[in-house]
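This is what each chain is made of:
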Amino acid sequence: MKNEWEIDSNESDVLIKTRHSLIDYMSGSKNNFKGHVAIQNNEVEDASIEFSLKANDKSRNSDLKLIDFFDYDETPVIEFKSTSFQKINKNINFLKGHLTIKNITKEVELDTEFIGYNNYNGVQKASFEITGNINRKDFGLNHNTYFNNGGYAVGSDIKLIANLEFVHQ
């Protein structure tokens, strides 16, 4: 039996970081997540995910914010729209799609792990973690600062970690 599950924006979030520092945390309550997964016999058979993130929240308490990477006259939005879902086994899957940052769109492949099911206040949910590394310079994110010892504060690669929850419809 095939079941459709819709993403729960309020319970989903994205973390963007480098090896040594957190760049930004974007909660679903302030951002736009859309998507579904199809689950058949407790196995993920298909997934389609979209999200649009606003990176211009200057109120966060962090030394480095994602907004620092954008020019001041830009609308700092990050968008992802999946184009394919490849199932390897129960917990390992690949999600391909178009990632757009600073009006530059590149195809990326993200690792997708099915975490499992839970029941919260009578609502059945399925959780996923999506991770991937991107070269920030491919998207024109060239801002960098120096440590006191002369090294760069941010490396070229940034890691995207999305924690997504889906509810059974």
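Residues numbered from 1 in each chain as written. Predicted model: local features only at pLDDT ≥ 70, side-chain atom pairs only at ≥ 80, totals over all residues. Heavy atoms only, no water.

Enquirer: Is there a simple way to explain the overall build of the chain in this structure?
Expert: What the chain contains, in helices and strands, is 0 helices and 10 strands. Seen in sequence order, the chain has helices and strands lined up from the N terminus as β-β-β-β-β-β-β-β-β-β. Counting every position in the chain, which comprises 169 residues, the buried fraction comes to 43%. Taking the contacts inside the chain whose residues are at least 6 apart along the sequence as the reference set, 54% of them involve residues at least 24 apart. Only carbon and sulfur atoms are counted for the fraction: they give 42% of the accessible area of the chain, which is about 9500 Å². (Helix = DSSP H or I, 4+ residues; strand = E, 2+ residues; numbered from the N terminus. Buried < 20%, exposed > 50% of the residue type's maximum accessible area, 1.4 Å probe, protein only. Contact = heavy atoms within 4.5 Å. Areas by Shrake-Rupley, 256 points an atom, 1.4 Å probe, with all protein chains shown as cover.)

Enquirer: Sorry if this is basic, but what is going on with a negative patch on the surface here?
Expert: A contiguous patch of negative charge, built from Glu4, Glu6, Glu45 and Asp46, is present on the exposed surface. If you list the elements that add at least two residues to the negative patch, you get strand S1 (2-7) and strand S5 (43-54). Along the polypeptide, Glu6 turns up in strand S1. Using a relative accessible area of 33% as the deciding quantity, one classes Glu6 as partly exposed. (Patch = residues over 30% accessible without salt bridge, like charges linked within 9 Å, V, L, I, M, F, W, Y side chains within 5 Å. Salt bridge = Lys/Arg side-chain N within 4 Å of Asp/Glu carboxyl O. Lys, Arg positive; Asp, Glu negative; His and termini not counted. Charge placed at Lys NZ, Arg CZ, Asp CG, Glu CD.)

Enquirer: Help me understand the pairing of strand S7 (residues 93-101) in this model?
Expert: Regular strands have side chains that alternate between both faces of the sheet. Here 9 bridges tie strand S6 (residues 77-87) to S7, and the two strands are oriented antiparallel to one another. Residue Lys87 lies in a different strand from S7, and its bridge partner there is Asn93. Counted between consecutive antiparallel strands, the loop separating S6 from S7 contains 5 residues. In the sheet, S7 pairs with strand S8 (residues 104-120) via 9 bridges, with the strands oriented antiparallel. Among the inter-strand pairings, Leu99 is bridged to a residue of S8, identified as Lys106. Between S7 and S8, which pair antiparallel in sequence order, lie 2 residues; one of them, Lys102, sits at a positive phi of approximately 55°. (Pairing = 2+ DSSP bridges.)

Enquirer: Where do I start with the packing of aromatic side chains in this structure?
Expert: The geometry of an aromatic ring pair is captured by the separation of the ring centres together with the interplanar angle, meaning the angle of the planes. Counted by the stated rule, this structure contains 6 aromatic pairs. Ring centres 5.2 Å apart and planes at 75° place the aromatic pair Phe114 and Tyr117 in the edge-to-face group. Taking relative accessible area as the criterion, Phe114 reaches 3% and is therefore assigned buried. Aromatic rings pair up to connect Trp5, Phe114, Tyr117, Phe128 and Phe166 into one cluster. (Phe/Tyr/Trp six-rings, centres within 6.5 Å; stacked < 30°, edge-to-face > 60°.)

Enquirer: How should the nonpolar core be read in this particular structure?
Expert: Here is a general trend for soluble globular proteins: nonpolar side chains tend to be buried in one another's company. In terms of nonpolar packing, the biggest core is built from 33 residues, with Val14, Leu99, Leu164 and Phe166 touching the most fellow members. In contact with Phe166, other than residues within four places in its own chain, are Trp5, Glu6, Ile7, Asp8, Gly35, His36, Val37, Ile49, Gln124, Lys125, Ala126 and Phe128. (Core = buried A, V, L, I, M, F, W, Y, C linked by side-chain atoms within 4.5 Å.)

Enquirer: It is not clear to me how the pattern of salt bridges should be interpreted in this structure. Could you clarify?
Expert: Pairing of side chains with opposite charge becomes possible as their charged atoms draw close. Overall, the coordinates contain 3 salt bridges when judged by the stated rule. A salt bridge links Asp8 to Lys125; its shortest N-O distance comes to 3.2 Å. One end of the pair, Asp8, is in the loop between S1 and strand S2 (13-17); the other, Lys125, is in strand S9 (residues 123-135), and 117 residues separate them in sequence. The pair Asp8 / Lys125 is uniform in exposure class, with both members buried. Between Glu165 and Lys125 there is a salt bridge; the shortest N-O distance is 3.3 Å. Linking Glu165 in strand S10 (residues 157-168) with Lys125 in strand S9, this pair joins segments that are 40 residues apart in sequence. Here Glu165 matches Lys125 in class, with each residue buried. One connected set of salt bridges, linked through shared partners, spans Asp8, Lys125 and Glu165.

Enquirer: Hey, could you run me through the side chain of Ser127 in this one?
Expert: Looking at the element boundaries, Ser127 is found in strand S9. Among the residues examined, Ser127 registers a relative accessible area of 11% and is labelled buried. Leave out the neighbours within four places in its chain, and Ser127 touches Glu113, Phe114, Ile115, Gly116, Asn118, Leu164 and Glu165.

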